[in-house]
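A closer look at the structure
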Amino acid sequence: QVQLVESGGGLVQAGGSLRLSCAASGRTFSAYSMGWFRQAPGKEREFVAAITWSGASRYYADSVKGRGAISRDNAKSTVYLQMSSLKPEDTAVYYCAAGAITNSPGDYRYWGPGTQVTVSS
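Residues numbered from 1 in each chain as written. Predicted model: local features only at pLDDT ≥ 70, side-chain atom pairs only at ≥ 80, totals over all residues. Heavy atoms only, no water.

Remarks on the state of the cysteines
Tallying each qualifying case throughout the model produces one disulfide. Each disulfide pairs two cysteine sulfurs, and for cysteine 22 the partner residue is cysteine 96, the sulfurs being separated by 1.9 Å. Note on the cysteine 22 and cysteine 96 pair: the S-S dihedral is about 50 degrees, so by sign convention the disulfide is right-handed. Taken together, the residues cysteine 22 in strand S3 (residues 18–25) and cysteine 96 in strand S9 (residues 92–98) connect sequence positions 74 residues apart. Residues cysteine 22 and cysteine 96 agree in their burial class; the two are buried. (Disulfide = S-S within 2.5 Å. Helix = DSSP H or I, 4+ residues; strand = E, 2+ residues; numbered from the N terminus. Buried < 20%, exposed > 50% of the residue type's maximum accessible area, 1.4 Å probe, protein only.)

Encoded structure:
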């Protein structure tokens, strides 16, 4: 069982950056592949990035490629999403998820409650 809690969201200006964190509880964090998703009001949940349990492989949605960086620190049971060159269209609730290495939200077993990111123009 894994519990996930995101933090680091907030209001930023377009062109700015932030780092989201996802703290996990449980013994087996390092065994889980992790993903970041986002969801804007009225829109479907969208894949952002994913990382394998070892951190050796990382995947990004085209929308954030070159601007997003996913990483993890298994010793701290934490996964991160660094976002730069933020755009208003990045505005969404950002969720971390565990248990898959796909771009499909339904494939992930565990989810955090989300953290709001708002990018002003």
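So much for the structure itself; the text now carries on.
Comments concerning unusual backbone geometry
In the Ramachandran plot, serine 77 falls in the positive-phi region, its phi being about 50 degrees despite a non-glycine side chain. For serine 77, the position within the fold is in the loop between strand S7 (68–73) and strand S8 (78–83). Its identity as a non-glycine residue notwithstanding, serine 85 has a phi of 45 degrees, on the positive side. Along the chain, serine 85 falls in the loop between S8 and S9. With relative accessibility at 39%, the residue serine 85 sits in the partly exposed group.

Notes on the pattern of salt bridges
One pass over the structure, following the stated rule, counts four salt bridges. Measuring nitrogen to oxygen at the nearest pair gives 2.8 Å for the salt bridge that ties glutamate 46 to arginine 38. Residue arginine 38 is classed as buried on the basis of its relative accessible area of 5%. Between lysine 65 and aspartate 62 there is a salt bridge, with the nearest N and O atoms lying 3.0 Å from each other. This pair shows no difference in class: lysine 65 is exposed, exactly as aspartate 62 is. It is possible to trace a salt-bridge network through shared partners that takes in Arg38, Glu46, Arg67 and Asp90. (Salt bridge = Lys/Arg side-chain N within 4 Å of Asp/Glu carboxyl O.)

Notes on the pairing of S9
Summarising burial for S9: six of the seven residues are buried, a large majority. Two strands pair when backbone bridges link them, and strand S4 (residues 34–39) and S9 are joined in this way by six bridges, in the antiparallel orientation. Its bridge partner lying in S9, tryptophan 36 is registered against cysteine 96. Taken together, the three bridges between S9 and strand S11 (residues 115–120) define a ladder with antiparallel strand orientation. Looking at S11, one finds that valine 93 is bridged to glutamine 116. In terms of strand pairing, S9 meets strand S10 (residues 110–111) through two bridges, oriented antiparallel. Note on S10: the bridge partner recorded for alanine 98 is tyrosine 110. (Pairing = 2+ DSSP bridges.)

Scope: geometric values only; no functional claims are made or implied.
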